[in-house]
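Observations on chain architecture
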Amino acid sequence: MSNFSASRIRLSLTSYLNVAAHQTQQHQQPQCAQRDRDINLALAAMRLFLSLLSLAGVLFTPTSASSDYHEQLNLRPLHPSLLLASFNFQSNTSLASFEQQNFRYFPRSLGQILQHANTRELHLRFSLGRWDAESWGARPWGGAREGGTGVELWAWVEAESDEEADGRWLTLTNALSGLFCASLNFIDSTRTIRPVMSFEPVGDHSNTTISDLHLLHGTLPREVVCTENLTPFLKLLPCKGKAGISSLLDGHKLFDASWQSMSIDVQPICEAGSNNCQLQITQTIDMVLDIQRSKRPRDNPIPRPVAESELKCDTSKEYHSHDTCFPLDAAAQEEEWSLAHIFGHSLKGTCPLADESTDPVCIDVPHARHVYASEGAHEHKDESGYKRCFSLAPDKEFEMILPEQEISEKAPLEQPLLYAERSFIGYGQESGGVQAILTNPSLTDSVDFVYMETLPWFMKLYLHTLKAKINGLDEDIIKEMYYRPALDRKRGTQLEVRAIIPANSTVVLTYDFEKAILRYTEYPPDANRGFDVAPAVITIGNIAIRTTSLLLPLPTPDFSMPYNVIILTSTVMALSFGFIFNLLVRRFVALDEADQWDVRAVRLKALAALKRLASRFGKGVKVEKKE
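Values in this document were obtained by computation on a predicted structure and should not be read as measured data.

Considering the overall build of the chain
Looking only at helices and strands, the chain has 14 helices and 28 strands in total. Each of the 627 residues in the chain was classed as buried or not, and the buried ones make up 42%. Once local pairs closer than 6 in sequence are excluded, the contacts in the chain between residues at least 24 apart make up 73%. Element-wise, carbon and sulfur atoms account for 55% of the exposed surface of the chain, whose accessible area totals about 35,600 Å².

In structure tokens:
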């Protein structure tokens, strides 16, 4: 019995007991003493039953399968003058409640789509910008919740055959396209692959189910992530962006970030050695904000030169004067900022549905850094010396201020497992090449990784040109490879390579390709911009790292020529039509006959005849008068 059902029964019984006791007091008479004693005994028995019912509701409530929800905001200053804000929302629901469509914290709109498409595990990413690993360190969440530029989707769909899985994948992409106001319905067969070595299920699936699961992966690198994608994301949250840390999410701030990523992960989780399974949904938003740009007021967002009185100059320089200023080294100077400066307003209390055992706000700064919080918030410092969290008052707004402070101690940045970059090489409109540079920064450990490329069908890959070099030397480091060639206008190229990078080494992967000629109807409106190529995915265990997307220029026809042809053709047709029309309509006569049929000549002759008649008539009238 759930707590909700037990509460309703206790409420009904309590109301009945109160009414019965009130009626007993009103109708109590001496001749009814025996009946009153019987009523009192019945009331006592019912109170005892109510107490036992409450105890049973507490003891037999399945806490392990009950739904829970918690959220947390983690802030991490980056160098220089940047701030990483990571919003994490997570809720669980039992699989039995999910199958019965008993949704509490799990969003109903997404749950019904997953049930209709028989999707057992889902991962959706919206990303924009480039993560600078050399300056910012490792990616948030280790890269596990990061996607490539644009939109990336992969899911495990339960089906008996590949054709059935393709149909359910099409249903899933079309439904998610409408839910998130994105162009996911454009993920067709040319943009869909079936990874073999790159992705593994994150959730716990039974042996009977995992044999029927089909992994499908699709990307839209051209998709522009915007506010229309953030709004449905917030509607999936229990507090809908009205309270808790989600109240800080503003489209103006999010899409003004140097890098941002939104992710949704749905997977089943089961306790070890038990059939008690839950369905977990995790929603995260990560963004890198520029502190100075965020502090600009909205009514005056244009940057202007700093006033002379506000310049910070290094007066220790010999050439310092009233008209010469050398910038002061502010590396040890921490900038002043607050939640209101970064997000536009303070945090609007806590979400009443969130778990109170999880601190809603955390910040990764040294304990020597001054941090001032609003009244009612309690600070909890971590033993590491670089992290502190705050528990908030449920009905009060929360504000956190970090004043300007000179401090030499910095929070250490986590070193990434791998540095990756990719670019085009070669020249010309017929062929080209791709170069991927992978660097292992570890001095002791080698890295085993899987490199996956998803290329459009108009990039004809030459597999025999695939080469790998370690520190400039040709070595055979490729242990396994999967290659699926492209078919024109039906599917793209899929390439997966498993290799090992030794410690403190750099691997360069290169291959050549040929550019295909498209039909003129297959070019986008901005054909001269180029075609977006999806980022490469580098899988290291359960961590995936994406490179940046590429912009491929293809041989582009001169789309102004149809306009020129239309104008020339129209001109020729107009001249031809006019000439033929004159031949068909006009009458041609000899030159001596032209005067007889000349309209002007006929008109002049008619006028002359009329004048002669008029003159004769006038002379006749005068003669009669004389006679």
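Considering the nonpolar core
Grouped together as the largest cluster of nonpolar side chains are 71 residues, with contacts concentrated most on Leu 75, Phe 87, Leu 176, Met 287, Phe 343 and Met 400. Examining the composition of this core, we find that six residues originate from one element, helix α6 (residues 162–180), more than from any other. Residues in contact with Leu 176, not counting those within four places in the same chain, are Leu 110, Ile 113, Leu 122, Leu 153 and Leu 184. Counting 20 residues, the second largest nonpolar core, distinct from the first, contains Met 459, Val 497, Leu 518 and Tyr 523.

As for the layout of surface pockets
The probe, sized like a water molecule, is rolled over the atoms to show the empty space still left. The volume enclosed by the second largest pocket comes to roughly 760 Å³. Along the walls of the second largest pocket sit 25 residues, with Arg 191, Leu 220, Phe 458, Phe 531 and Asp 532 positioned nearest its centre. Those elements giving two or more residues to the lining of the second largest pocket turn out to be β6 (213–220), β19 (447–455) and β25 (531–533). Ranked by residues supplied to the lining of the second largest pocket, first place goes to β25 with three residues. For the lining of the second largest pocket, a count of residues per class yields 13 nonpolar, five polar and seven charged.

Here's the deal with the sheet that holds strand β12 (residues 372–373)
In space, the three strands of this open sheet follow the order β10-β15-β12, with antiparallel pairing throughout. Looking at which strands have only one partner, the edges of the open sheet turn out to be β10 (337–338) and β12. Of the strand pairs in this sheet, β12 and strand β15 (residues 400–402) are connected by two bridges, and their pairing is antiparallel. Bridged to Tyr 372 within β15 is Ile 401.

So, the side chain of Ser 91
By the element assignment, Ser 91 lies in strand β2 (residues 82–94). Judged by its relative accessible area of 5%, Ser 91 is buried.

Section: the UniProt feature "transmembrane region" (unreviewed entry) in the chain
Feature annotation in UniProt assigns "transmembrane region" (unreviewed entry) to the following positions: residues 563–585. Here residues 563–585 is 100% helix and 0% strand, with 32 Å between the C-alpha atoms at its ends.

Describing the environment of Trp 259
Here Trp 259 lies in strand β7 (residues 259–270). When its relative accessible area of 3% is taken as the criterion, Trp 259 is described as buried. Taking the C-alpha atoms as reference, Trp 259 lies 6.4 Å from Trp 131; in sequence the two are 128 residues apart. Every residue in contact with Trp 259, bar those within four places of it in the chain, is listed here: Leu 128, Gly 129, Arg 130, Trp 131, Trp 136, Pro 140, Glu 146, Asp 286, Met 287 and Val 288.

Here we look at the packing of aromatic side chains
Inspection of every chain in the model, using the stated rule, returns 17 aromatic pairs. Here Phe 126 and Phe 180 contribute two aromatic rings whose centre-to-centre distance is 5.9 Å and whose plane-to-plane angle is 50 degrees, an arrangement assigned as tilted. A residue pair is termed long-range when its members are at least 10 positions apart, and Phe 126 in strand β3 (residues 119–129) and Phe 180 in helix α6 qualify at 54 residues. The exposure class assigned to Phe 126 is buried, which follows from its relative accessible area of 2%. Ring centres 5.6 Å apart and planes at 75 degrees place the aromatic pair Tyr 523 and Phe 559 in the edge-to-face group. In this pair, Tyr 523 sits in the loop between β24 (506–515) and β25 while Phe 559 sits in the loop between β28 (550–552) and α12 (561–585), placing the two residues 36 residues apart along the sequence.

Quick look at the sheet that holds β24
Read from one edge to the other, the open sheet built from five strands follows the order β17-β18-β24-β20-β21, with strand pairing classed as antiparallel. Single-partner strands in this sheet number two, and they are β17 (419–425) and β21 (473–474). With nine bridges joining them, strand β18 (residues 431–439) and β24 adopt antiparallel strand pairing. Within β24, the residue paired with Val 434 across the bridge is Tyr 511.

What counts and what doesn't
Residues numbered from 1 in each chain as written. Predicted model: local features only at pLDDT ≥ 70, side-chain atom pairs only at ≥ 80, totals over all residues. Heavy atoms only, no water. Helix = DSSP H or I, 4+ residues; strand = E, 2+ residues; numbered from the N terminus. Buried < 20%, exposed > 50% of the residue type's maximum accessible area, 1.4 Å probe, protein only. Contact = heavy atoms within 4.5 Å. Areas by Shrake-Rupley, 256 points an atom, 1.4 Å probe, with all protein chains shown as cover. Core = buried A, V, L, I, M, F, W, Y, C linked by side-chain atoms within 4.5 Å. 1 Å grid on protein atoms, 1.4 Å probe; cavity = no way out; pocket = protein on both sides within 12 Å on 5 of 7 lines; lining within 4 Å. Points joined across faces, edges and corners; volume = space filled by probe spheres on them. Nonpolar A, V, L, I, M, F, W, Y, C, P; charged D, E, K, R; others polar. Pairing = 2+ DSSP bridges. UniProt positions renumbered as here; feature names shortened; annotations may be inferred. Phe/Tyr/Trp six-rings, centres within 6.5 Å; stacked < 30°, edge-to-face > 60°.

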